[in-house]
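Understanding the architecture of this molecule
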Amino acid sequence: MPLYRKAKSPNWYYSLCVGKRRLRGSTHTADESDAENFLAELRLKVRDQGVESVTKKSCTLRQLADKFFSPWIDGTHSIEPATKRYYHHGVKLLLDSSLAEMKISAITNDIADMVTFPGANYTGNQALSTLKRLLHKAHEDWNLLAALPKKKIEMRKVWGRSVIMTLANYNSLMSHMKESDSKDVLAVLRGTGARPAEVYSMRWELMHLDEGYYQNPSGKTHTSKRPIRLCYDSLAVLARRHLEQGSPKQGWVFASKTNRPSKSGHIVSIDTAFNRARRAAGLPASIVPYSARHAFATDVTNAGGSTQQVMLALGHSNPAAAMRYQHGTTDNLSAMLTEAKTTGRVQ
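From a predicted model like this one, the values you see are computed outputs, not experimental measurements. (Residues numbered from 1 in each chain as written. Predicted model: local features only at pLDDT ≥ 70, side-chain atom pairs only at ≥ 80, totals over all residues. Heavy atoms only, no water.)

Digging into the overall build of the chain
Short version of the rule: By definition, any uninterrupted DSSP run of H or I lasting at least four residues is a helix, any uninterrupted run of E lasting at least two residues is a strand, and each is numbered from the N terminus. Only protein chains enter the accessibility calculation, which uses a 1.4 Å probe; a residue is then buried when its area is under 20% of its type maximum, exposed when over 50%, and partly exposed in between. By the convention used here, residues are in contact when the closest approach between their heavy atoms is within 4.5 Å. All accessible-area figures derive from a Shrake-Rupley calculation using a 1.4 Å probe, and residue coverage is judged against the displayed protein chains alone.
Assigned secondary structure in the chain consists of 14 helices and six strands. The 347 residues of the chain split such that 43% are buried. Nonlocal contacts in the chain, meaning residues at least 24 apart in sequence, comprise 60% of its contacts between residues at least 6 apart. Put simply, the chain shows about 19700 Å² of open surface, and 53% of that area lies on carbon and sulfur atoms.

Digging into the packing of aromatic side chains
Centre-to-centre distance and the angle between the planes together describe a pair of aromatic rings. Spelled out, the test is: When the centres of two rings from Phe, Tyr and Trp lie within 6.5 Å, Trp using its six-membered ring, the rings pair. Their planes under 30 degrees apart give stacked, over 60 give edge-to-face, and anything left gives tilted. Two conditions define a charge located above a ring, namely a distance within 6 Å from the ring centre to NZ of Lys or CZ of Arg, and an angle within 35 degrees of the ring normal.
Within the structure shown, the criterion is met by six aromatic pairs. By the ring-pair criterion, three or more aromatic residues cluster together here, those being Phe-69, Trp-72, Tyr-86 and Tyr-87. Residue placement shows Lys-6 over the ring face of Tyr-13; its charged tip is 4.5 Å from the ring centre. Positioned above the aromatic ring of Trp-252 is the side chain of Arg-203, whose terminal nitrogen or guanidinium carbon lies 4.4 Å from the ring centre.

Notes on the pairing of strand β3 (residues 21–26)
We apply this condition: Note on pairing: DSSP must find at least two bridges between two strands before they are called paired.
Note that strand β2 (residues 12–18) and β3 share six bridges and pair antiparallel. By the bridge assignment, Tyr-14 is partnered in β3 with Gly-25. Adjacent in sequence and paired antiparallel, β2 and β3 are bridged by two residues, among which Gly-19 carries a positive phi angle near 65°.

So, the nonpolar core
The nonpolar side chains of a soluble globular protein tend to be buried with one another. The cut-off we apply is this: Nonpolar cores are built from buried Ala, Val, Leu, Ile, Met, Phe, Trp, Tyr and Cys residues. Side-chain atoms within 4.5 Å join them into one set.
Of all hydrophobic cores here, the largest spans 31 residues; its most connected members are Met-165, Leu-186, Val-199, Met-202, Met-207, Phe-254 and Phe-274. Within the residue set of this core, elements represented by two or more residues are α6 (167–176), α7 (180–192), α8 (196–200), α9 (234–244), α10 (271–281) and α11 (291–302). A total of five residues in this core trace back to one element, the largest contributor, which is α7. Excluding residues within four positions of it along the chain, Met-202 makes contact with Val-188, Met-207, Tyr-214, Gly-251, Trp-252, Val-253 and Phe-254. Cys-59, Ile-79, Tyr-87 and Ile-107 belong to the second-largest nonpolar core, a separate cluster that totals 29 residues.

Topic: the packing of helix α2 (residues 61–75) against helix α3 (residues 81–95)
Here is the rule: An axis is simply a line fitted to the C-alpha atoms; with a helix, the fit covers only the stretch in contact. Between two such axes, the angle follows the N-to-C directions and lies from 0 to 180 degrees. Each angle is binned into one of four classes, with values under 35 degrees roughly parallel, values over 145 roughly antiparallel, values of 65 to 115 roughly perpendicular, and all other values oblique. Gly is placed with the polar residues, together with every amino acid not listed as nonpolar (Ala, Val, Leu, Ile, Met, Phe, Trp, Tyr, Cys and Pro) or charged (Asp, Glu, Lys and Arg).
Put simply, α2 and α3 touch, their axes get as near as 11 Å, and they point 170° apart. As summarised for this structure, α2 and α3 are arranged roughly antiparallel, according to the angle between their axes. Packed against α2, whose contacting residues are Leu-61, Arg-62, Ala-65, Asp-66, Phe-69, Ser-70, Ile-73 and Asp-74, the element α3 presents Lys-84, Tyr-87, His-88, Val-91, Leu-94 and Leu-95 at the interface. Taken together, the residues that form the contact of α2 with α3 break down as eight nonpolar, two polar and four charged.

Concerning the sheet that holds strand β5 (residues 213–216)
Across a sheet, strands are paired by hydrogen bonds formed along the backbone, either parallel or antiparallel in direction. Taking strand neighbours across the sheet as the criterion, the three strands line up as β4-β5-β6 in an open arrangement whose pairing is antiparallel. The open sheet has two edge strands, β4 (207–208) and β6 (226–229), and neither has a second partner. Two elements, β5 and β6, share four bridges in a ladder whose sense is antiparallel. Note that in β6 the partner of Tyr-214 across the bridge is Ile-228.

A short note on the sheet that holds strand β1 (residues 3–5)
Strands sit in the order β1-β2-β3 across an open sheet of three strands; the sheet is antiparallel. The open sheet has two free edges, formed respectively by β1 and β3, since each of these has just one partner strand. Within this sheet the neighbouring strands show an average axis-to-axis angle of 25°, counted without direction. Sheet analysis places β1 next to β2, joined by three bridges and oriented antiparallel. Paired with Arg-5 across the bridge in β2 is Trp-12.

See the structure below:
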């Protein structure tokens, strides 16, 4: 029975099963009708606000990550392998921070905003994005959080995600960059619109130089698995590297060559060389390697490419994401309309 009495108490007590959890406690009344009303209200509260709303204990972020979130990441088939790696690293960042031992019900946007994470804001946003997903799962799916923070966890300002790298910027960077591998990576970034991680991890067995494309095997989303066209200088750069490396049939295109090679075996960043060249060229800090992706998408658009073509080139699954990468201008509208009218495409 959900309601029962103890031998030495006049009050009614409840015992309620919610999923795999059993809730027990006093109704604080000796009247059976009042006790039944208390139990009915309790059930409604659990249904609407989650188990945590009627329990005194709230798990810490570390407990939630260890017992629920990390096992979910490993077991789910609803997210891509790259996303799983992203979340695992985000969890590591969170558990190394001051948030780890906090009760999840106490975490707010203001508290999260004061936490320091290693590296740039890109890294911090990885942790905060993971935190948002973790709290959402705790609230919506696991009934461990009565309510999400009133103010949503906000991402931090990141330079360069919406800044275009002009041709003049690119040429200036290339002229000031000393490291040959970094120059080649930048040329491929500018000539393909690929994500930096996709270029760093390129492999020769997936390269089709004769047909002018690289078959990207995976990535951030399911649409990341796509042929990446080699435009501008990227095809010549990759063909040269292929010859210099002895025309290998497999292996990393940009293998790590430092005294302390990366665990992956390939280059994982060109930030040091890029920032050195950027400063020497007198360019603003808002220009980052990712800016080359915006430049490529803008070139596709200005050349008459459709949003669908931009989506396919960049590996996006929705138009809204692709639109952020298009920095179009009206400079060539007159010429475009004149040509269309001449050819009869408009009346």
